[in-house]
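So you can see what is in the structure, the chains are spelled out below.
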Amino acid sequence: MNLKGRHFLTLLDYRRDEIEYLLDLAIKMKKGQVRKSLKNKSLAMLFQKASTRTRVSFEVGMTQLDGHALFMDMSTTQLGRGETVGDTAQTLSRYVDGIMARLYKHSDAEELAKYAKVPVINALTDLYHPCQTMADMMTVIEKKGRIKGLKVVFYGDCGFNMFNCTAIGFSKLGADVVACCPNLPSYSLNEAVMAKARKEAIGKISVEHDPLKAAKDADVIVTDVWVSMGQDAEKAKRLQELKDYQVNAKVMAQAKKDAIFMHCLPAHRGEEVAADVIDGTQSVVFDEAENRLHAQKAILAELMG
Ligand code: CP
Ligand code: NVA
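Residues numbered from 1 in each chain as written. Chains lettered and ligands numbered in written order. Predicted model: local features only at pLDDT ≥ 70, side-chain atom pairs only at ≥ 80, totals over all residues. Heavy atoms only, no water.

A. How the structure looks around helix H4 (residues 106-115). For H4, every residue scored as buried is listed here: His 106, Ala 109, Leu 112 and Ala 113. Angular distribution of buried residues about the axis of H4 spans 110 degrees; they occupy a single face of the element. Buried residues in H4 make contact with strand E1 (42-47), helix H3 (85-93), strand E3 (98-102) and strand E4 (120-122). (Buried < 20%, exposed > 50% of the residue type's maximum accessible area, 1.4 Å probe, protein only. Helix = DSSP H or I, 4+ residues; strand = E, 2+ residues; numbered from the N terminus. Arc of directions from axis to C-beta. Contact = heavy atoms within 4.5 Å.)

B. Representation of the side chain of Thr 54 within the structure. Tracing the backbone shows Thr 54 in helix H2 (residues 53-64). The class for Thr 54 is buried, based on a relative accessible area of 1%. Looking at Thr 54, its side chain comes within polar contact range of the side chain of Arg 102, at 2.9 Å. If we skip the residues at most four places from it in the chain, Thr 54 touches Phe 47, Met 100, Arg 102, Ala 123, His 129 and Arg 292. (Polar contact = N/O pair within 3.5 Å; in protein donor to acceptor, adjacent residues only side chain to side chain.)

C. Spatial organisation of the site of ligand 1. Around ligand 1 sit Ser 51, Thr 52, Arg 53, Thr 54, Arg 102, His 129, Gln 132, Cys 264, Leu 265 and Arg 292, and those are all the residues in its vicinity. In this structure, Cys 264 approaches ligand 1 through a main-chain N or O atom, which is 2.9 Å from a nitrogen atom. Summarising the interface, the protein chains cover 96% of the accessible area of ligand 1, which totals 260 Å² for the free molecule. Within the shell around ligand 1, the residues separate by chemical class into two nonpolar, five polar and three charged. (Near = heavy atom within 4 Å. Areas by Shrake-Rupley, 256 points an atom, 1.4 Å probe, with all protein chains shown as cover. Nonpolar A, V, L, I, M, F, W, Y, C, P; charged D, E, K, R; others polar.)

D. Geometry of helix H1 (residues 16-31). End to end, H1 covers 23 Å across 16 residues, agreeing with the expected 22 Å (1.5 Å per residue, within 8%). Elements in contact with the buried residues of H1: helix H5 (130-144), helix H6 (161-172) and helix H12 (285-304). (Expected span 1.5 Å × (residues − 1).)

E. Summary view of the pairing of strand E9 (residues 260-263). Taking every second residue as pointing to the same face, both faces of E9 are buried, with Ile 260 and Met 262 on one and Phe 261 and His 263 on the other. Where strand E8 (residues 220-223) and E9 come together, four bridges link them in parallel fashion. Bridging from a neighbouring strand, Val 220 pairs with Ile 260 of E9. (Pairing = 2+ DSSP bridges.)

F. Geometry of the site of ligand 2. In the vicinity of ligand 2, the contacting residues are Leu 124, Phe 160, Asn 161, Asp 224, Val 225, Ser 228, Met 229, Cys 264 and Leu 265. Within the side chain of Ser 228, one N or O atom sits 2.7 Å away from a nitrogen atom of ligand 2. One of the backbone N or O atoms of Met 229 is found 2.8 Å from an oxygen atom in ligand 2. For ligand 2, whose accessible area on its own is 270 Å², the fraction buried by protein is 96%. In the shell around ligand 2, the residues fall into six nonpolar, two polar and one charged.

Printed below as a string of structure tokens:
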């Protein structure tokens, strides 16, 4: 498998066998069965939004691969003073071997990729968070031994980055994905994205508005914050409209006995998830967080190696 020089913007751009190859490599690297090196290679990390996991896992990942990562707060770069994304991409490409970016608008990530001469890795935009879904799929393989045939139910905001990538990635690898959201446009599926996802899916992508019905016989229950970065002005409205979609003990009781609970983090206990669920025995949220490191090391090594 040769992925050298490819961008990693959405899981739509990668075939099933390519995703499976990367997940398998990540698991082998985590176990110490494969060692990769990016000696003397540098990754620029452009951040327009806050981050804990993404920043640290990419930076530590580059260190573990013998390379180097540069943290760039976008507001303190010339981008913050009006330099274009295209000029920034071309300039950075003269110094570094890869660019990782966390941006508000996905179109800016596409613009960066258009002008960059090195791989661009999407570290979250409004539409996609593919590195998180890679870590999530890796976690499900570790916990369940497979993805194919599982039922994955996502609660809450099903119109944003985390639902999009969960639906694309898990359905491509053969899980059925259920969106459990209010019947309101703000939280409903992005049909343009879902049309692309369904083209390549083995599993089904469906909608169930009833939170208890949705969880029936689920293998994996997933949620994300109700107020994503950039949505703070709508906070009160969103908390009100999503209040019936909390993942709590009643929801978990409908799922299979051995179901796992997933959340990309950061979490808001008492909002999208009850404390006893996220802190309970079915929760695998810190395995997901750890797997960001391993999944991204596989991606970095293959794209930049
Ligand atoms: N899950 C995730 O991307 O976390 P951060 O926002 O902390 O990077
Ligand atoms: N949907 C969340 C994910 C955070 C990792 C956000 O965009 O803020």
